[in-house]
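Chain by chain, the residues run as shown.
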Amino acid sequence: MLNSRLITLLGPTASGKTTLAAHLAARLGNAEIISADSRQLYRGMDVGTGKDLADYIVDGHRIPYHLIDVAEAGEQWNLFQYQQALWNAYRDIVSRGAQPILCGGTGLYIESVLKGYKMVAVPENPSLRASLADRSLSELTEILSGYKTLHNTTDVDTTKRAIRAIEIQEYYRQHHVEERDFPCVESLTVGVNIDRDLRRTRITERLHRRLEEEDMVGEVRRLLETVSPANLIYYGLEYKYLTLYCTGQLTYDEMVRQLEIAIHQFAKRQMTWFRGMERRGIAIHWIDGTLPMDQKIEAILQLM
């Protein structure tokens, strides 16, 4: 057990967890945020991932953050790499006497930290990839659901990601990888909850704002100058559907409609994962995401 207790803030997309984390850090006075978002790792992927770096400035004070913009767009970090980077950041924060706050919506990343799962650098399996190449996403998801070890179903919304997830699970099955090896860190885990209808409204409004005011299409076009369409599609959601639009495979209206549905489905999968974390023994203290900021902060301070 490491000495410094972690604060973990999680919640579905559009729940306001990042803004809450930043305000909590400002209230604590000496706290730093570690991102638990699988796509905010990449530079140049700003609008589509919702980095909203302005949220990290509270009352003119910049809240330090980690594991954002640490890899090039086109790279494909895995959980093993994330864990290594996270523990480096955690130890650095603790060594300076600051309070670490883990914040994000990638359930697998969060659970792997809170339960001390060890992941290894799984090599590519060309023969397995070839055997799965013609399978549909639904078929691949069904295969993936048959494995009993920890795997990520939340972010698996492209065939490439699903094949990689199967590749990892097959490696674990064949090599009997010991999962519990990283230190378990004590954490106060807080979930930001908003009801389904409000979440859907926020997702829709945010999507249209990103498209119409924040030039998300332009961001994807710029990324396509250096990143292949296949690699950009790998990241899923905004980058999948906008790439299909930018390469002429979807009309604008088709892209918007399909993307909106996909984000709603993603948020639902996030909540399913968080509920699963509770069943697997992680205590999550849920707070109402519609409360005023000061009331949410007070609720967390009382839990502390």
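Everything below is about the structure shown above.
Figured I'd write up the structure that's included with this text. Every value quoted in this text rests on a predicted model; they were computed, and no experiment measured them.

1. Considerations on the overall build of the chain
Each helix and strand in the chain was counted, giving 12 helices and 10 strands. Against the compact-globule benchmark of 19 Å for 304 residues, the chain has a radius of gyration of 19 Å, which places it among compact chains. Each of the three principal axes of the chain carries a C-alpha extent, and together these read 50 × 50 × 35 Å. Sorting the 304 residues of the chain into buried and exposed places 52% on the buried side.

2. Looking at the nonpolar core
What tends to happen in soluble globular proteins is that the nonpolar side chains get buried as a cluster. Formed by 60 residues in total, the largest nonpolar core has its most connected members in Ile 34, Tyr 82, Leu 102 and Met 277. Top element by residues in this core is helix H11 (residues 252–279). It accounts for 11 residues. The contact partners of Ile 34, leaving out residues within four places of it in the chain, are His 66, Leu 67, Tyr 82, Leu 86, Ala 89, Tyr 90, Ile 93, Pro 100, Ile 101, Leu 102 and Cys 103. If you look at the next biggest cluster of nonpolar residues, it comprises 21 residues, including Val 58, Ile 63, Ile 68 and Cys 103.

3. Considerations on the sheet that holds strand S8 (residues 99–104)
With parallel pairing, 6 strands are arranged side by side in an open sheet as S6-S2-S8-S1-S9-S10. Looking at the sheet topology across the chains shown, the edges are occupied by strand S6 (65–66) and strand S10 (285–288). Both strand S2 (residues 31–36) and S6 contribute to a ladder of 2 bridges, which runs parallel. Bridge assignment links Ile 33 to a residue of S6, and that residue is Tyr 65. Sheet strands in contact with helix H1 (residues 17–28) are strand S1 (6–10), S2, S8, strand S9 (187–193) and S10, and its direction is about 170 degrees off that of S8. Each of S1, S9 and S10 touches H11; the most contacted strand, S10, lies at about 140 degrees to it.

4. Some thoughts on the side chain of Glu 238
Within the secondary structure, Glu 238 sits in helix H10 (residues 237–246). Overall, Glu 238 belongs to the buried group, its relative accessible area being 4%. In this structure the side chain of Glu 238 is engaged in a polar contact, spanning 2.8 Å, whose partner is the side chain of Arg 39.

5. Re H11
Given a rise of 1.5 Å per residue, 28 residues ought to cover 40 Å, and the 41 Å separating the end C-alpha atoms of H11 matches this to within 8%. The positive-phi residue at the C-terminal boundary of H11 is Gly 281, with phi of around 105 degrees.

6. Things to note about the environment of Gly 218
Along the chain, Gly 218 falls in helix H8 (residues 216–223). Assessed through its relative accessible area of 11%, Gly 218 is described here as buried. Remark: the alpha-carbon pair of Gly 218 and Gln 174, spanning 44 residues in sequence, is separated by 44 Å.

7. A look at the pairing of S8
In terms of burial, S8 is largely enclosed, as 6 of its 6 residues are buried. A two-sided burial pattern is seen for S8, the buried positions comprising Gln 99, Ile 101 and Cys 103 on one face and Pro 100, Leu 102 and Gly 104 on the other. As paired strands, S1 and S8 are joined by 4 bridges and run parallel to one another. Along S8, the bridge assignment pairs Leu 10 with Gly 104. When S2 meets S8, the two strands line up parallel, connected through 6 bridges.

8. Description of the packing of H1 against helix H12 (residues 293–303)
At their nearest, the axes of H1 and H12 sit 10 Å apart, and the two run at 65 degrees to each other. In terms of their interaxial angle, H1 and H12 are classed as roughly perpendicular. With respect to the hand of their crossing, H1 and H12 are arranged in right-handed fashion. Packed against H1, whose contacting residues are Thr 19, Leu 20, His 23, Leu 24, Arg 27 and Leu 28, the element H12 presents Met 293, Lys 296, Ile 297, Glu 298, Ile 300 and Leu 301 at the interface.

9. Section: the pattern of salt bridges
Any two side chains of opposite charge can pair if their charged atoms end up close together. Enumeration over the complete set of coordinates arrives at 16 salt bridges. Measuring nitrogen to oxygen at the nearest pair gives 2.7 Å for the salt bridge that ties Glu 298 to Arg 27. Of this pair, Glu 298 sits in helix H12 while Arg 27 sits in helix H1, placing them 271 residues apart in sequence. The class for Glu 298 is partly exposed, based on a relative accessible area of 33%. On the basis of relative accessibility, which here comes to 46%, the residue Arg 27 falls in the partly exposed class. With a shortest N-O distance of 2.3 Å, Lys 51 and Asp 69 are connected by a salt bridge.

Calculation rules
Residues numbered from 1 in each chain as written. Predicted model: local features only at pLDDT ≥ 70, side-chain atom pairs only at ≥ 80, totals over all residues. Heavy atoms only, no water. Helix = DSSP H or I, 4+ residues; strand = E, 2+ residues; numbered from the N terminus. Rg over C-alpha atoms; globule rule 2.2 N^0.38 Å. Buried < 20%, exposed > 50% of the residue type's maximum accessible area, 1.4 Å probe, protein only. Core = buried A, V, L, I, M, F, W, Y, C linked by side-chain atoms within 4.5 Å. Contact = heavy atoms within 4.5 Å. Pairing = 2+ DSSP bridges. Axes fitted to C-alpha atoms, helices over the stretch in contact; angles between N-to-C directions. Polar contact = N/O pair within 3.5 Å; in protein donor to acceptor, adjacent residues only side chain to side chain. Expected span 1.5 Å × (residues − 1). Parallel < 35°, antiparallel > 145°, perpendicular 65-115°, else oblique. Left-handed = near helix turned anticlockwise from the far one by under 90°. Salt bridge = Lys/Arg side-chain N within 4 Å of Asp/Glu carboxyl O.

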